[in-house]
Amino acid sequence: MKIGTEHVECAICGCFDYKVIGQGPDYEFDTSRDVWQSVECTGCGHLFLNPRPTIDNAKTIYPSDYYPPLDFSSGYRRKYWQSELYWRNRVTQA
Ligand SMILES: [Zn+2]
């Protein structure tokens, strides 16, 4: 199954320039055989997936048994988890 993607700018600084730092398929959930690339923004160093899956593919990329391997010992991780729950609720309501 080919996942639809979109190229995006850095969510932190809006820069469109980046360098590829790694690539590979979805090793954990094997949702597709597509190769994904992690990039580093040349403007601010933010790491993200680019191109990223479009919103229409969120249910495929985040299967029902998806969970982020987090502990709740830091405020950052708690905030990330809350964001993940918000995202999941939006996807399941679509
Ligand atoms: Zn940036």
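One structure accompanies this document, and this report is about it.

About the thresholds
Residues numbered from 1 in each chain as written. Predicted model: local features only at pLDDT ≥ 70, side-chain atom pairs only at ≥ 80, totals over all residues. Helix = DSSP H or I, 4+ residues; strand = E, 2+ residues; numbered from the N terminus. Buried ≥ 20, exposed ≤ 12 C-beta atoms within 10 Å, placed from the backbone. Contact = placed C-beta atoms within 7 Å. Pairing = 2+ DSSP bridges. Axes fitted to C-alpha atoms, helices over the stretch in contact; angles between N-to-C directions.

**Some thoughts on the overall build of the protein chain**
Okay, step 1: Along its length, the protein chain carries two helices and five strands.
Okay, step 2: Listed N to C, the secondary structure of the protein chain is β-β-β-β-β-α-α in terms of helices and strands.
Okay, step 3: For the protein chain, the proportion of its 94 residues judged to be buried stands at 5%.
Okay, step 4: Look at the contacts in the protein chain between residues 6 or more apart in sequence, and 55% of them connect residues 24 or more apart.

**A closer look at the sheet that holds strand β4 (residues 47-49)**
Okay, step 1: The strand order across the open sheet formed by three strands is β2-β3-β4, and the pairing between neighbours is antiparallel. Where the open sheet ends on each side, the last strands, each with one partner, are β2 (18-24) and β4. Going across the sheet, the axis of each strand differs from the next one's by a mean of 30°, ignoring polarity.
Okay, step 2: Sheet topology places strand β3 (residues 36-41) next to β4; three bridges connect them, and they run antiparallel. Along β4, the bridge assignment pairs Ser38 with Leu49.

**Considerations on the environment of Thr54**
Okay, step 1: Structurally, Thr54 is set in the loop between β5 (52-53) and α1 (58-61).
Okay, step 2: In contact with Thr54, other than residues within four places in its own chain, are Gly4, Thr5 and Glu6.

**A closer look at unusual backbone geometry**
Okay, step 1: For the bond from Asn50 to Pro51, the omega torsion is 0°, close enough to zero to count as cis.
Okay, step 2: Summarising the element assignment, Pro51 is placed in the loop between β4 and β5.

**Brief notes about the pairing of β3**
Okay, step 1: Summarising the sheet, β2 and β3 pair through six bridges and their orientation is antiparallel. Opposite Gln23, over in β3, you have Gln37 as the bridge partner.
Okay, step 2: Hairpin connection, β3 to β4: the antiparallel pair is bridged by five residues, and Gly45 has positive phi, about 90°.

**Focus: the environment of Met1**
Okay, step 1: With respect to the helices and strands, Met1 occurs in the segment before β1 (5-6).
Okay, step 2: A count of 8 C-beta atoms within 10 Å places Met1 in the exposed class.
Okay, step 3: Spatially, the C-alpha atoms of Met1 and Thr31 are 8.3 Å apart, while their sequence positions differ by 30 residues.

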